[in-house]
Protein chains: 2
Amino acid sequence: MTDSRFAKNLEAPYYAVIFTSQRSSGDNGYSRTVERMTALAAQQPGYLGIESTRNAEGFGITVSYWASLEAIAAWRANAAHRVAQETGQSTWYEHYELRVAKVERVYASKLPNR
Amino acid sequence: MTDSRFAKNLEAPYYAVIFTSQRSSGDNGYSRTVERMTALAAQQPGYLGIESTRNAEGFGITVSYWASLEAIAAWRANAAHRVAQETGQSTWYEHYELRVAKVERVYASKLPNR
């Protein structure tokens, strides 16, 4: 269970999209859209993985990993994703920040005992 | 309340340290150390901000922001921080990944209504 939450086997350099957000109250179709967008993102060229979590107060961080800036731009322009982005802007989030960063190195990791 | 959870007024380029982790069970001094390390990090040269969240299953993402790779290396080598890193490795985390990335641009943000 733990393992699927971590993006794995990534080789630097690659890109990270850091999305930090505060949810507004009420679901308003959010959960279903997150499932659909997560599945759709995974089908995009250049998609490498995703890590996401949110606390009980609705403050969340999602980091998705991509092979190139072009892959990020293509996903950003995806029609279904654009609809979701618009509802995110209007309805689901009180506040968000979206940053694009180039992962240059991995400093450390600890893997679970098996 | 929401606002203090977001890192603000950052001007690209800067660096992000993306720390993704699964907590093990039991506190074992973790909460107190997080408070101390968060306060100590904020005093380091080149510290720009931090965003952090963890869900009920103990899966967390913390992103700290820094002015340079040198600032990150100095914080990583800080003596008190090294003690915390060792206990993190041995006790507090089942699994973690630590990535360093250069934030090249900010795509979008939505600020809360005031």
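Note that this is a predicted model, so its numbers are computed, not measured.

Scanning chain A from terminus to terminus reveals 3 helices and 4 strands. Secondary structure elements in chain A, listed N-terminal to C-terminal, are β-α-β-β-α-α-β. Since a compact globule built from 114 residues should have a radius of gyration of about 13 Å, the 15 Å found for chain A is in line with a globular shape. For chain A, the C-alpha atoms occupy an extent of roughly 40 × 35 × 20 Å along the three principal directions. Counting the 114 residues in chain A, one finds 48% classified as buried. A separation of at least 24 residues holds for 76% of the contacts in chain A among residues at least 6 apart in sequence. Summing over all exposed atoms, chain A offers an accessible surface of approximately 5900 Å²; the carbon and sulfur share of this is 49%. With 13 positive and 11 negative side-chain charges, chain A shows a separation of 3 Å between the mean positions of the two kinds.

Bringing the packing of helix 2 (residues 69-77) of chain A against helix 3 (residues 79-92) of chain A into the picture now. All names here are of chain A. Contact geometry of helix 2 with helix 3 gives a least axis separation of 5 Å together with a crossing angle of 70°. When the interaxial angle is binned, helix 2 and helix 3 end up roughly perpendicular. Facing helix 2, whose interface residues are Trp75, Arg76 and Ala77, helix 3 presents Ala79, His81, Arg82 and Gln85. Looking at side-chain class alone, the contact of helix 2 with helix 3 contains 3 nonpolar, 2 polar and 2 charged residues.

Further remarks concern the environment of Met37 of chain B. All names here are of chain B. Positionally, Met37 belongs in helix 1 (residues 30-42). The exposure class of Met37 is buried, given its relative accessible area of 11%. For the pair Met37 and His81, spaced 44 residues apart in the sequence, the C-alpha separation amounts to 6.8 Å.

Here we come to the pairing of strand 1 (residues 14-23) of chain B. Residues and elements named next belong to chain B. Counted residue by residue, strand 1 has 10 buried out of 10 residues, so it is predominantly covered. Of the two faces of strand 1, both are covered, the one formed by Tyr14, Ala16, Ile18, Thr20 and Gln22 as well as the one formed by Tyr15, Val17, Phe19, Ser21 and Arg23. Strand direction decides the pairing type here: strand 1 and strand 4 (residues 93-110), joined by 10 bridges, are antiparallel. Across the sheet, residue Tyr14 finds its bridge partner in strand 4, namely Val103.

The next point concerns the layout of surface pockets. The space that makes up the largest pocket amounts to roughly 1200 Å³. The wall of the largest pocket is formed by 40 residues, among which Phe19, Ile50, Thr62, His81 and Tyr93 of chain A lie closest to the centre. Put simply, the parts of the chain that give the lining of the largest pocket at least two residues each are strand 1 (14-23), helix 1 (30-42), strand 2 (47-54), strand 3 (59-66), helix 2, helix 3 and strand 4 (93-110) of chain A together with strand 4 of chain B. Per element, the largest residue contribution to the lining of the largest pocket is 8 residues, and it comes from helix 3 of chain A. Looking at the lining of the largest pocket residue by residue, the class counts come to 20 nonpolar, 12 polar and 8 charged. In this structure, the second largest pocket occupies an estimated 980 Å³ of space. If you go around the second largest pocket, you meet 34 residues; those closest to its centre are Phe19, Thr62, Trp75, His81 and Tyr93 of chain B. Looking at the lining of the second largest pocket, the elements with two or more residues in it are strand 4 of chain A together with strand 1, helix 1, strand 2 (47-54), strand 3 (59-66), helix 2 (69-77), helix 3 (79-92) and strand 4 of chain B. Its residues placed into classes, the lining of the second largest pocket shows 17 nonpolar, 11 polar and 6 charged.

Once turned by 180° and shifted 0.0 Å along the axis, chain B lies on chain A with an RMSD of 0.0 Å. Viewed as a symmetry operation, the transformation between the two copies matches a two-fold axis. By C-alpha distance to the rotation axis, the residue of chain B lying nearest is Asn55 of chain B, at 2.2 Å.

Core analysis: the largest hydrophobic core is formed by 24 residues, its most contacted members being Ile18, Val63 and Tyr65 of chain A together with Ile18, Val63 and Tyr65 of chain B. Of all the secondary structure elements, the ones that give two or more residues to this core are strand 1, strand 3 and strand 4 of chain A together with strand 1, strand 3 and strand 4 of chain B. Tyr15, Val17, Tyr96 and Val100 of chain A belong to the second largest nonpolar core, which has 19 residues in total.

The rules behind the values
Residues numbered from 1 in each chain as written. Chains lettered and ligands numbered in written order. Predicted model: local features only at pLDDT ≥ 70, side-chain atom pairs only at ≥ 80, totals over all residues. Heavy atoms only, no water. Helix = DSSP H or I, 4+ residues; strand = E, 2+ residues; numbered from the N terminus. Rg over C-alpha atoms; globule rule 2.2 N^0.38 Å. Buried < 20%, exposed > 50% of the residue type's maximum accessible area, 1.4 Å probe, protein only. Contact = heavy atoms within 4.5 Å. Areas by Shrake-Rupley, 256 points an atom, 1.4 Å probe, with all protein chains shown as cover. Lys, Arg positive; Asp, Glu negative; His and termini not counted. Charge placed at Lys NZ, Arg CZ, Asp CG, Glu CD. Axes fitted to C-alpha atoms, helices over the stretch in contact; angles between N-to-C directions. Parallel < 35°, antiparallel > 145°, perpendicular 65-115°, else oblique. Nonpolar A, V, L, I, M, F, W, Y, C, P; charged D, E, K, R; others polar. Pairing = 2+ DSSP bridges. 1 Å grid on protein atoms, 1.4 Å probe; cavity = no way out; pocket = protein on both sides within 12 Å on 5 of 7 lines; lining within 4 Å. Points joined across faces, edges and corners; volume = space filled by probe spheres on them. Least-squares fit on C-alpha atoms with pLDDT ≥ 70 in both. Core = buried A, V, L, I, M, F, W, Y, C linked by side-chain atoms within 4.5 Å.

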